[in-house]
Each structure stands twice: as structure tokens, then as C-alpha cells.
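These are the residues of each chain, in order.
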Amino acid sequence: MRLKLAALAAAVSLLAVSQAAAQEVVLKFGHAAASNHLFNDGLEMFAEAVDEKTGGRVKIEIFGDRQLGDDKQLLEGVQLGTVDGALVSVPTMPLVGAGAFDALQIPFVVGTYEEMSAALTSPVGQQLLDSLASLNIKGLGYYEAGQRHFLSRTRAVENVDDFAGLKTRIVPTPLHRATWEAVGTNPIGMAYGEIYSGLETGTIDAVEINLSSAQSESYYQAAKYATLTGHYFWPGVLMMGSARFDALPDDIKTALVEAGAETIVAHYELAASQEAETADFLKQNGVTITELQDLDAMREKVKPVVDEWVAKDPLIQAFVDQVESARQ
């Protein structure tokens, strides 16, 4: 009898352990930046918030350094269901039909981290996320890689004329190409993972980049001239595939949505606070940092691009209106 009771107790114990294990959900989220990059910090914030909201029942595993693929591969993986979730750089979004996300990188529309944070946590920011449903994507939030500047291998860029003819790496999207052609560079589409070797070998002369990437990807070793232009920001879109998201229990779905929304402001504050620290690091490692002397001239050169893109989509116009109205 005692043996039967012991066996029964063991079986109940094993069943309880099995049920507990079955209730734990592990979700793998990837990003294309280095593991010491701001994007990784954002995903860590998200993971902590999800863990807290679910009482440890949901674990977010983070894979940086392009372990699950570059931005385009991550985006496709999310849509196909081969990747649970991802933080994908905004310029990749129009490549799959989400053209309204160009709103976040139209040059000189947004001037500060605070403005971008406020816009992304506004109803328009949510509308952009909701627009992804038609692409089988559940948008959860945004994290920031940093305001973009200009890093040159060959010489200091001090005024607009200095941009002329520089072979400049861009993400090969229509908006970026139009912007940098208007500025006067020779834009060259190149994968993120090829930038360092491109600078090192002279395949490219320069890259428009955020300071955090210049540090985390060690671009400063190959290019020693940074010009502060602040032409646009580099948000990443936090996402899951709709099918993967919809298959989760309702309480977990709620936790994921809330965690994504609630960590946006904190991450933008972190990104803003690191800007000066990152600039100091680059200076200490031999990078000359200057401000563009005639920033208004650069703004004027790209104004036709701004006007053209704002007219492309009502959501782009709504985003611009949101930013401008918040300044008043």
C-alpha cells in the first residue's frame, strides 16, 4: 500500500512539474545590431517587463549580432513564423510594403529624442504599429538606435559642399537614396554587416550612422571624422508574427503589448543620456567630432524630398502633424 501511495505521489509530482513546464513560454527575439548596442538594451528592458508582468511565466531570449539574421531576414522570419519576434530597423519596413514607416526618417522632421518618444507613444505611433496587421505582423513598440550623424574616412565634413561626391553607405531605400543624392553624396547601398570592411578598404568613403553604432561596431577604427548633423533618428520596430502572437493566451498577449508600450519612453531617455558619453568615447579613440557649419543649407537641400514624402501617405502626414503640433 505504501509503495502504491509513494508511486501515486511521485506521479502527481511529475504531473505538476510537467504542467508548470508546459505553462512556461520561451520567445526568441532577434536583432541585427551588436550585443552591446542600444537595440539590445531595449530588448532587455522588454524582457524584464514581460517577466515581471507574467510572474516569470514568459521568458524572452535575445539574439543579437545577426545570429537570427539581418533586418530583412528577421522581418521575413517573423512573417513566416520561423522567428518568434524581432526588433527591426525602420528603413527595412517599406521594403515589405509598410511605406508609412518612412515617416520616422524623413530628414529633419524630428529634432530631439523627446520629440520622437512623444510621437511614438501618441495615437499616431500606435496607428503605425496597427497598420502592420495586413502584413501578418503584430507591432509591439519601438526602441531607438540613436540620432544619425555622418562618419567619414577621408576628411572632415565641415559644410555642405564637403559632402560632394563622397561614396556614402546607405540602406538602399528610395527615401535614403533621394535624401543623400539631394545632399550631394554618391550613395551606395550596402548591408550593415559590410560597413566596417567597406570603410577599411575604401569601398566607401563615409556612412551616415548613429554614434552608438560607430562605437559598438568599431567603425571608429576605420573612420576618424564625425560630423554632427542629426538628420533623422533610427527607431527599431518591436514585432511578432501575427500567427505566433495570436496563438498565445490572452493574458500573455496583454503582457507583451503592455511591456512594449511602457518601455518606449525609458529607452528613449537611455538613448539620449548615452549620446554625450558615446561622443566622449569616440574622441578618446581618435575621432574628430565637428558640427556642420551650415546645417540650414543641408535642410534646404533636402526640403524637396521632405515635401515629396509627406504627400505619399496620410499616416506620414499625420506623424509630421503630430510632431509639429507638440512643439506649439
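Everything numeric here is computed off the predicted structure, so don't read it as measured data. (Residues numbered from 1 in each chain as written. Predicted model: local features only at pLDDT ≥ 70, side-chain atom pairs only at ≥ 80, totals over all residues. Heavy atoms only, no water.)

Looking now at the packing of helix α4 (residues 113-120) against helix α11 (residues 264-284). For the pair α4 and α11, interaxial distance at closest approach is 9 Å and the crossing angle is 165°. What the angle tells us is that α4 and α11 run roughly antiparallel. Handedness of the α4/α11 crossing: right-handed. Facing α4, whose interface residues are Tyr 113, Met 116, Ser 117 and Leu 120, α11 presents Val 265, Tyr 268, Ala 271, Ala 272 and Glu 275. (Axes fitted to C-alpha atoms, helices over the stretch in contact; angles between N-to-C directions. Helix = DSSP H or I, 4+ residues; strand = E, 2+ residues; numbered from the N terminus. Parallel < 35°, antiparallel > 145°, perpendicular 65-115°, else oblique. Left-handed = near helix turned anticlockwise from the far one by under 90°. Contact = heavy atoms within 4.5 Å.)

In this structure, Met 93, Phe 101, Leu 104, Tyr 142, Val 237 and Phe 319 are the most contacted members of the largest nonpolar core, which totals 45 residues. If one sorts the elements of this core by residue count, helix α13 (residues 314-327) sits on top with five residues. Look past the residues within four positions of Phe 319 in its chain and what remains in contact with it is Ala 103, Leu 104, Val 110, Met 116, Ala 119, Leu 120, Val 124 and Leu 128. Membership of the second largest hydrophobic core comes to 39 residues, among which are Val 25, Tyr 143, Phe 163 and Ile 170. (Core = buried A, V, L, I, M, F, W, Y, C linked by side-chain atoms within 4.5 Å. Buried < 20%, exposed > 50% of the residue type's maximum accessible area, 1.4 Å probe, protein only.)

This next bit is on the confidence of the model for the chain. Considering every residue of the chain, the mean pLDDT works out to 93; 93% of them sit at 70 or more. For the stretch residues 5-22, pLDDT sits under 50, and the model shows zero contacts to residues farther than four places along the chain or on other chains. (pLDDT = per-residue confidence, 0-100.)

Turning our attention to α11. End to end, α11 covers 30 Å across 21 residues, agreeing with the expected 30 Å (1.5 Å per residue, within 8%). The principal kink in α11, of about 35°, is found at Glu 275. Listed in full, the buried residues belonging to α11 are Ile 264, His 267, Tyr 268, Ala 271, Glu 275, Thr 278, Ala 279 and Leu 282. Gly 286 lies just past α11 and shows a positive phi near 90°. (Expected span 1.5 Å × (residues − 1). Bend = angle between axes of the 7 residues up to and from the residue.)

The final tally for this structure, using the stated rule, is seven aromatic pairs. Three or more aromatic residues joined by ring pairs make a cluster, and in this case those are Phe 150, Phe 163 and Trp 180. Over the ring of Trp 234 we find Arg 148, and its NZ or CZ is 3.5 Å from the ring centre. (Phe/Tyr/Trp six-rings, centres within 6.5 Å; stacked < 30°, edge-to-face > 60°. Lys NZ or Arg CZ within 6 Å of the ring centre and 35° of its normal.)

This brings us to the pattern of salt bridges. Counting across every chain of the model gives 14 salt bridges. Across the pair Lys 53 and Glu 258 runs a salt bridge, and its minimum N-O distance is 3.4 Å. With Lys 53 in helix α2 (residues 38-53) and Glu 258 in helix α10 (residues 250-262), the pair connects residues that are 205 residues apart, well separated along the chain. With relative accessibility at 34%, the residue Glu 258 sits in the partly exposed group. For Arg 57, the salt bridge identified is with Asp 251, shortest N-O distance 2.3 Å. Of this pair, Arg 57 sits in the loop between α2 and β2 (58-63) while Asp 251 sits in helix α10, and the two are 194 residues apart along the sequence. Connected through salt bridges with shared partners, the residues Lys 53, Glu 258 and Glu 262 form a single ionic network. (Salt bridge = Lys/Arg side-chain N within 4 Å of Asp/Glu carboxyl O.)

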